[in-house]
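Reading the structure
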Amino acid sequence: MSTKHELILRYIEGLAVGEKISVRQVAKALSVSEGTAYRAIKEAENQKLVNTIERVGTIRIEKKKKENIERLTFAEVVNIVDGVVLGGRDGLHKTLTKFVIGAMKLDDMKRYIDAGSLLIVGNRLKAHELALSAGAAVLVTGGFDVADEAKKLANELNLPIISSSYDTFTVATMLNRAIYDQLIEKEILLVEDILTPLSETITFSPKDSVDYFNEVNRETAHSGYPVIDRKGKLIGIVTSRDAVGKQKTELIEKVMTQHPITVNGKTSVASAGHSMIWEGIDLMPVVSDSGTLEGIISRQDVLKAFQMTQRQPQQGEKIDDIVKNQMKAVPDQPQNVEFTVVPQMTNQLGSLSYGALTTLLTDVGNRAIKMRKRGESIPENMTIYFIKHVQLGNTVTVEPRILHMSRRFVKVDFDLFSDSELIAKAMVMYQLFER
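These lines cover the structure that appears in this document, whether it is placed above or below. (Residues numbered from 1 in each chain as written. Predicted model: local features only at pLDDT ≥ 70, side-chain atom pairs only at ≥ 80, totals over all residues. Heavy atoms only, no water.)

Before going further, it helps to examine the sheet that holds strand E11 (residues 234-238). Read from one edge of the open sheet, 3 strands run E10-E11-E12, paired in antiparallel fashion. Because the sheet does not close on itself, it has two edges, and the strands there are strand E10 (225-228) and strand E12 (257-258). Of the pairings in the sheet, the one linking E11 to E12 comprises 2 bridges and is antiparallel in character. Residue pairing in the sheet places Ile237 in a bridge with Thr257 of E12. (Pairing = 2+ DSSP bridges. Helix = DSSP H or I, 4+ residues; strand = E, 2+ residues; numbered from the N terminus.)

Structure, rendered in structure tokens:
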């Protein structure tokens, strides 16, 4: 049986795109408390099902597919630029394909404006009407109002006219930043991107026998299998180790591991992989907020995801990317790395920041481990001794040295030099993540 929270989310999903909703309306329609309705609407906002806009309210928006995450809805544009909707509210759920800055003559502007675009312009009344007639929304900068004719046309065509107090340059920068941030989000793999769905997952009932388990296990040879009840809720996990030596007639519920470690579909693959290493497990069930099984991920799935992301072109540059881009292998000593301290890597005093140094050490250690042994590694703990501060523009050489490597752990020692002087030492313990 579904929870009230899930029922409300399904109700919201069933609403037409563009429809307005409120806490009171949802509470009344589903006979739940306003507190329950409020929490569910907030969750719907996190899931990008609705968007709340000041002075407009909460509206149902189109849930974008991950591959189109770099596109924004007009509702999101209103929030980004602290805008006021002057007309065309019913079109706020629509997605813009591009934005155009109206710094040209009207005749020239026609070539760049098409349906689904957003014209960013000041108080040029003819430009507003031209854009709306071409199927584009309008963002008026400088806090200006628009003519009543334009507002009427916007309402008729369901194309928003938004007014923002910011200037054109600032608005364009803000929208670029929002798209850039979402490009980075697009690169972050989530568990839901790599999981084996429930329809392809072999599951057991608590009342199945060990004999039946052995039969299935011989055919599939998987490392583990989720155990679910009649409602689809996860109640355990069973492996061949659990069943070995047990009577054939014994029930799965007697031999399974109860309360297994689980993960949510919105968890990052990196976080899930770290948990698998930390707990020493090969398979993790993926469950919903209410505990319903949605699928599984294996250690092999996570490894493939790590390898795939390393081969992908980076579309949005993160701070880690900026730091790692400074790294160069030292000629004749490929294990050693040197880098130059650039402004993005400094703290408020103009010295190499601790965060940038941590990123560099982690990556240099990973490189050294891969040269010795194939596979992924994740840092578990780190100790750094600072001897001298490193100023902006200085070049630093990092010399890693593997002290000990076991089947699961690697200890790496680091010496850092600048102008032939020792400026820091570090020790990092890594856990190996292998098949």
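For the rest of this paragraph, the subject is the packing of helix H1 (residues 4-13) against helix H3 (residues 34-46). Each packed pair of helices is defined by two parameters, the angle between the axes and the distance between the axes. Remark: H1 packs on H3, axes separated minimally by 9 Å, with the N-to-C direction vectors making an angle of 55 degrees. Taken together, H1 and H3 sit at an angle that is classed as oblique. Once H1 is placed against H3, the crossing between them reads as right-handed. Packed against H1, whose contacting residues are Lys4, His5, Ile8, Leu9 and Ile12, the element H3 presents Thr36, Ala37, Arg39, Ala40, Ile41, Glu43 and Ala44 at the interface. Looking at the contact of H1 with H3 residue by residue, the classes come out as 7 nonpolar, 2 polar and 3 charged. (Axes fitted to C-alpha atoms, helices over the stretch in contact; angles between N-to-C directions. Parallel < 35°, antiparallel > 145°, perpendicular 65-115°, else oblique. Left-handed = near helix turned anticlockwise from the far one by under 90°. Contact = heavy atoms within 4.5 Å. Nonpolar A, V, L, I, M, F, W, Y, C, P; charged D, E, K, R; others polar.)

A few words now on the packing of aromatic side chains. A complete count under the given rule lists 5 aromatic pairs for this structure. For the pair Phe204 and Tyr225, a centre-to-centre distance of 5.4 Å together with 90 degrees between the ring planes defines the contact as edge-to-face. Taken together, the residues Phe204 in the loop between strand E9 (196-197) and helix H10 (210-220) and Tyr225 in strand E10 connect sequence positions 21 residues apart. The class of Phe204 is buried, set by a relative accessible area of 1%. Judged by centre distance (5.5 Å) and plane angle (90 degrees), the rings of Phe213 and Tyr225 are edge-to-face. Remark: Tyr225 occurs in strand E10 and Phe213 occurs in helix H10; sequence separation between them is 12 residues. You'll find Phe213 and Tyr225 in the same group, each marked buried. (Phe/Tyr/Trp six-rings, centres within 6.5 Å; stacked < 30°, edge-to-face > 60°. Buried < 20%, exposed > 50% of the residue type's maximum accessible area, 1.4 Å probe, protein only.)

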